[in-house]
Amino acid sequence: GNIMMFGLRKGYLNKTKLKKRMNRSYHTAVPHILSSRNIRQFIDGKDTFMFDCDGVLWKSNNLIEGSIETLNYLKDMGKRIIFVTNNSTKSLTKYQQRFLDFGFECDREDIFSSSYATAAYLQSINFKEKVFLIGASGIEEELSLHGIDYFKLDKTPYYKYSDQIIDDIPDIEVGAVVMGLDINLTYSKIATGLHYLRNKNCIFVVSNLDYALPSINGSLIPGAGSMASMLQCASGMDPVLVGKPGPIFYDIITSK
């Protein structure tokens, strides 16, 4: 059936670079304001509606006016609604609870986050090794639910010399360095990730490449893409993108 996507582009690459990264054709549609006369025809022509969440349905803890009413209207018409987000700081369970808190019931199976996509991708390639994670609890929860072993550096001491960081790196066989948004990012985490990526068999996975994110007060803050670019530059490795707008994320959605 036909699918309609509603979302915002936040800090992505330019179109030329994005084309190369996705290795698929790139198309943007010009938005049109629907009149009361043709809105029903538009909705009848679609089976599934796909919504981004942050900045589309809500901003921080505040609902965007009319968002829940729109979702309920589509639900009453028998349409399937899928929710997608590059936010890797929350698990699917946390996102489902967020919808409930806003007064909308949805199935966990209709929510797709980059945290979930990270774990689902590793499971799809039959990954059995240990993950070094630079990221938040959303990825942690999804990795655990998918039975994927991981570890991270929660608390890092103050270092006076860089050699001290190398001496403290855990002597562990790591098969993947996974990176998402980490608001407590440190130099030692980047150095540790770089150490493991020197192993040619270690893969580099990033939840999303959003370089900047809007904050509550309207300014911008660095996104996971900005953080991943440091490790990408230092290692010389291009990460596997599992979030939007990459093909892996789309394949995960269509496989369910």
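Just above, that's the structure.
Residues numbered from 1 in each chain as written. Predicted model: local features only at pLDDT ≥ 70, side-chain atom pairs only at ≥ 80, totals over all residues. Heavy atoms only, no water.

Asker: Help me out: how do you make sense of the overall build of the protein in this one?
Answerer: Regarding its fold elements, the protein presents 10 helices and 13 strands. Put simply, of all contacts in the protein between residues at least 6 apart along the chain, 70% involve residues at least 24 apart. In the form shown here, the protein has an accessible surface area of approximately 14,300 Å², with 51% of it arising from carbon and sulfur atoms. (Helix = DSSP H or I, 4+ residues; strand = E, 2+ residues; numbered from the N terminus. Contact = heavy atoms within 4.5 Å. Areas by Shrake-Rupley, 256 points an atom, 1.4 Å probe, with all protein chains shown as cover.)

Asker: Just to check I follow, could you spell out unusual backbone geometry for this structure?
Answerer: When glycine is set aside, most residues are seen to have a negative phi, and most peptide bonds are trans. In this chain, K244 is followed by P245 through a cis amide linkage whose omega measures 0°. Relative to the assigned elements, P245 resides in the loop between β13 (240-241) and α10 (247-254). Of note in the backbone geometry, S60 takes a positive phi value of approximately 55° without being a glycine. Along the chain, the position of S60 falls in the loop between β3 (58-59) and β4 (62-63).

Asker: Would you mind going over the packing of helix α5 (residues 114-124) against α10 with me for this structure?
Answerer: The geometry of a pair of packed helices is captured by two quantities: the angle between their axes and the separation between those axes. Two elements in contact, α5 and α10, have axes separated by 10 Å at closest approach and are oriented at 85°. Considering their axes alone, α5 and α10 lie roughly perpendicular with respect to each other. Facing α5, whose interface residues are S114, Y116, A117, A120 and Y121, α10 presents I248, F249 and I252. Split into classes, the residues belonging to the contact of α5 with α10 amount to seven nonpolar, one polar and no charged. (Axes fitted to C-alpha atoms, helices over the stretch in contact; angles between N-to-C directions. Parallel < 35°, antiparallel > 145°, perpendicular 65-115°, else oblique. Nonpolar A, V, L, I, M, F, W, Y, C, P; charged D, E, K, R; others polar.)

Asker: Would you take a moment to explain the sheet that holds strand β7 (residues 130-134) for this structure?
Answerer: Adjacent strands of a sheet form backbone hydrogen bonds with each other and so pair up, either parallel or antiparallel. If you walk across this open sheet you meet the five strands as β8-β7-β9-β10-β13, and the pairing is parallel. The sheet terminates laterally at β8 (150-151) and β13, the two strands that pair on one side only. Relative to β8, β7 is paired through two bridges, and the arrangement is parallel. Pairing of V131 across the sheet is with Y150, part of β8. Each of β7, β9 (174-179), β10 (203-206) and β13 touches α5; the most contacted strand, β10, lies at about 150° to it. (Pairing = 2+ DSSP bridges.)

Asker: Please explain the nonpolar core as it appears in this structure.
Answerer: A general trend in soluble globular proteins is that nonpolar side chains are found buried together. F51, L71, F83, F99, L122 and V131 are the most contacted members of the largest nonpolar core, which totals 42 residues. The element contributing the most residues to this core is α5, with six residues. If you look at the next biggest cluster of nonpolar residues, it comprises 22 residues, including I134, L153, V174 and L241. (Core = buried A, V, L, I, M, F, W, Y, C linked by side-chain atoms within 4.5 Å. Buried < 20%, exposed > 50% of the residue type's maximum accessible area, 1.4 Å probe, protein only.)

Asker: What's the story with the pattern of salt bridges in this structure? I'm lost.
Answerer: It is possible for side chains bearing opposite charge to pair when their charged atoms get close. Applying the stated criterion across every chain, the model contains nine salt bridges. For the salt bridge of D52 with K244, the shortest nitrogen-to-oxygen distance reads 2.8 Å. Within this pair, whereas D52 is found in strand β2 (residues 48-52), its partner K244 is found in the loop between β13 and α10, the two being separated by 192 residues in sequence. The class for K244 is buried, based on a relative accessible area of 11%. The salt bridge partner of D110 is R80, with a shortest N-O separation of 2.9 Å. With a gap of 30 residues between them, D110 in the loop between α4 (92-101) and β6 (111-113) and R80 in strand β5 (residues 80-85) connect regions that are remote in the sequence. Exposure remark for R80: the relative accessible area of 34% places this residue in the partly exposed category. Here the salt bridges do not stand alone but share partners, grouping E140, K152 and D154 into one network. (Salt bridge = Lys/Arg side-chain N within 4 Å of Asp/Glu carboxyl O.)

It is worth stressing that arrangement in space is one thing and function is another; only the former is reported here.
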